Amino acid sequence: MIIKNATLNDLPLIMRTEKQAFIPQLQEKEETFLQRINAARGTFLLFYTDFDEYMGYLSAEFIPAVPVCMEQISFNHLPEKDCKSDIIYISSFALDKKFRGNGNGKMAFSMAINHLENLPGTKRIVLLVNEIWNGAKWIYEKAGFREINSFEDCFPPEHSLQKTAGILMEKKLYN
């Protein structure tokens, strides 16, 4: 597996994966991804097979502080311009449906985290995951993330009639 930095030319691939991976209420807009790619400092990554076939993406950005309440987290948020921080927030991670299963998600996420950990000055990486996404939570825990907070009624209903909680997870780096 190969990791590359996303470019504006990659938007069609990213949007295709976004539509496959998330229900409409959670799908990020093309404009959001466009601004995240422009603001990325090595934090918007694409995954490719060794044969240069696109597999998926991880969108992240530097944030000023770890969110402590739901009001500080929003879907389709735009990155903060020129944020001088040591905290990276992973806003989205998805694989093309063709590559799900067989350990690809775990391998891609692990490679991305290794890349993010090696960005100069990075001290913490945080993410928000739906409480019902057990496969994703397992991948994040295997990469060293631990739950630090929970926000009730964070995610719109997917397979039930009720909203579900968002779990805020963090990995502290000891460089």
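Here the structure is a predicted model, which is why all the values come from computation and not from measurement. (Residues numbered from 1 in each chain as written. Predicted model: local features only at pLDDT ≥ 70, side-chain atom pairs only at ≥ 80, totals over all residues. Heavy atoms only, no water.)

1. Re helix α4 (residues 134-142)
Among the residues making up α4, those that are buried are Ala-136, Lys-137, Ile-139 and Tyr-140. Taken around the axis of α4, the buried residues stretch over an arc of 160 degrees, which confines them to a single face. Turned more than 90 degrees away from the buried face of α4 sit Asn-134 and Lys-142, all of them exposed. For α4, the elements touching its buried residues are β4 (87-95), α3 (104-117), β5 (124-130) and β7 (164-172). One or two residues past the end of α4 sits Gly-144, with phi positive at roughly 100 degrees. (Buried < 20%, exposed > 50% of the residue type's maximum accessible area, 1.4 Å probe, protein only. Helix = DSSP H or I, 4+ residues; strand = E, 2+ residues; numbered from the N terminus. Arc of directions from axis to C-beta. Contact = heavy atoms within 4.5 Å.)

2. Focus on the sheet that holds β5
With mixed pairing, 7 strands are arranged side by side in an open sheet as β1-β2-β3-β4-β5-β7-β6. If you trace the sheet from one side to the other, it starts and ends with β1 (2-5) and β6 (146-155), each paired once. Looking at each pair of strands side by side, their axes are set apart by 25 degrees on average, direction ignored. (Pairing = 2+ DSSP bridges. Axes fitted to C-alpha atoms, helices over the stretch in contact; angles between N-to-C directions.)

3. A word on the pattern of salt bridges
Side chains bearing opposite charge may pair, as long as their charged atoms lie close to each other. By the definition in use, this model includes 6 salt bridges. In this structure, Glu-28 and Arg-36 form a salt bridge, with 3.2 Å as the shortest nitrogen-oxygen distance. Linking Glu-117 and Lys-171 is a salt bridge whose minimum nitrogen-to-oxygen distance equals 2.6 Å. Of this pair, Glu-117 sits in helix α3 while Lys-171 sits in strand β7, and the two are 54 residues apart along the sequence. In this structure, Glu-117 and Lys-171 share a single accessibility class: buried. (Salt bridge = Lys/Arg side-chain N within 4 Å of Asp/Glu carboxyl O.)

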